[in-house]
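This is what each chain is made of:
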Amino acid sequence: MAELIDGKSVAEDVVRRVKALVAELAEKGGRQPGLAVVIVGEDPASQVYVASKSRTAKECGFHSVQHTLPVETSEPDLLKIIGQLNADPAINGILVQLPLPGHIDAGKVIQTIAPEKDVDGFHFINVGKLGTGELETAFVPCTPAGSMLLIERVRGKDLSGLNAVVVGRSNIVGKPMANLLLAANCTVTIAHSRTRDLPALAGTADILVAAVGRPEMVRGDWVKPGATVIDVGINRIAAPEKGEGKTRLVGDVEFAEAAKAAGAITPVPGGVGPMTIAMLMANTLASAYLAAGLKRPSF
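Residues numbered from 1 in each chain as written. Predicted model: local features only at pLDDT ≥ 70, side-chain atom pairs only at ≥ 80, totals over all residues. Heavy atoms only, no water.

Another point: the overall build of the protein chain. The helix and strand tally for the protein chain stands at 10 helices and 11 strands. Relative to its length of 299 residues, the protein chain is compact, with a C-alpha radius of gyration of 19 Å against a globular reference of 19 Å. When the backbone C-alpha atoms are referred to their principal axes, the protein chain occupies close to 50 × 45 × 35 Å. A total of 299 residues make up the protein chain; the buried ones form 49% of that total. Intrachain contacts of the protein chain at a sequence separation of at least 6 include 69% that bridge at least 24 residues. Roughly 13,700 Å² of accessible area belongs to the protein chain as shown, and the carbon and sulfur atoms make up 54% of that amount. (Helix = DSSP H or I, 4+ residues; strand = E, 2+ residues; numbered from the N terminus. Rg over C-alpha atoms; globule rule 2.2 N^0.38 Å. Buried < 20%, exposed > 50% of the residue type's maximum accessible area, 1.4 Å probe, protein only. Contact = heavy atoms within 4.5 Å. Areas by Shrake-Rupley, 256 points an atom, 1.4 Å probe, with all protein chains shown as cover.)

Right, dumping it as structure tokens:
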């Protein structure tokens, strides 16, 4: 059976290091890192995510601000708040919780955030920096950044000579994941819904990243023996064995099958998921270090 990659444990390590580095930043004369989270509307899942992010920020010793706005908030009013946060030296990271209500242009909102405070890594400036290998000042989207850290725990930082296949081409996970793997000297293929003979292609991967949002799509016979498998998917499916109307969480990988072939694999839940908030804290800390004229810490 494959080694289980414990994302919860790694995320706890990241948060512990962030706390220590906040103290170091204060010793060097830097400001307390500040994270502002903006949520529009009352989507229950978003409320849970935002509460978790704010709670972790406070745990890390950050100055934590939350703007909870009614669903009818206009786009100009939201952009005004972002402008105020851009100008506030006490704020290093700005996160606008998605999805936004339909009357607000999410793309416009994201591009209004100052690139140096875009700790979600979605601004075109940060996308471009990542794509050109400018990782010292780029902010990388948190889920692929966390996935990369899990890969490094298994394979090390230099992935020279390894084949990586990323199944999924989203701007949030697939494309930035591919760029991170390229920067680590992998040979990278991005696969997607139009890819021919996807199982055979996946079978060439020393590192296989699944980020398609389709429950248990990647089967065990797709996995090269000894491969590192990173399952980014979080899908809720029916679980009649638990009772009528019950559900359970699964990834994009059929775990029981894949674990028989893989060398190491992330579970769902408990794999990539916990890393996302941890890397948001790491990005906010990095922004504070850069604002103080200091080199960003590595994780």
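After presenting the structure, the write-up continues.
Using the criterion set out here, one finds zero aromatic pairs in the structure. Positioned over the ring face of Phe-299 is Arg-17, at 5.5 Å from the centre of the ring. (Phe/Tyr/Trp six-rings, centres within 6.5 Å; stacked < 30°, edge-to-face > 60°. Lys NZ or Arg CZ within 6 Å of the ring centre and 35° of its normal.)

Let us look at the side chain of Glu-254. The residue Glu-254 is located in the loop between strand S10 (247-250) and helix H9 (255-261) in this model. The charged side chain of Glu-254 is buried without a salt bridge, its nearest counter-charge being Arg-219 at 4.8 Å. (Lys, Arg positive; Asp, Glu negative; His and termini not counted. Salt bridge = Lys/Arg side-chain N within 4 Å of Asp/Glu carboxyl O.)

Inspection of the entire model under this criterion finds nine salt bridges. Here Lys-157 and Glu-152 are joined by a salt bridge, their closest N and O atoms 3.2 Å apart. Sharing partners across several salt bridges, the network here consists of Asp-13, Arg-16 and Arg-153.

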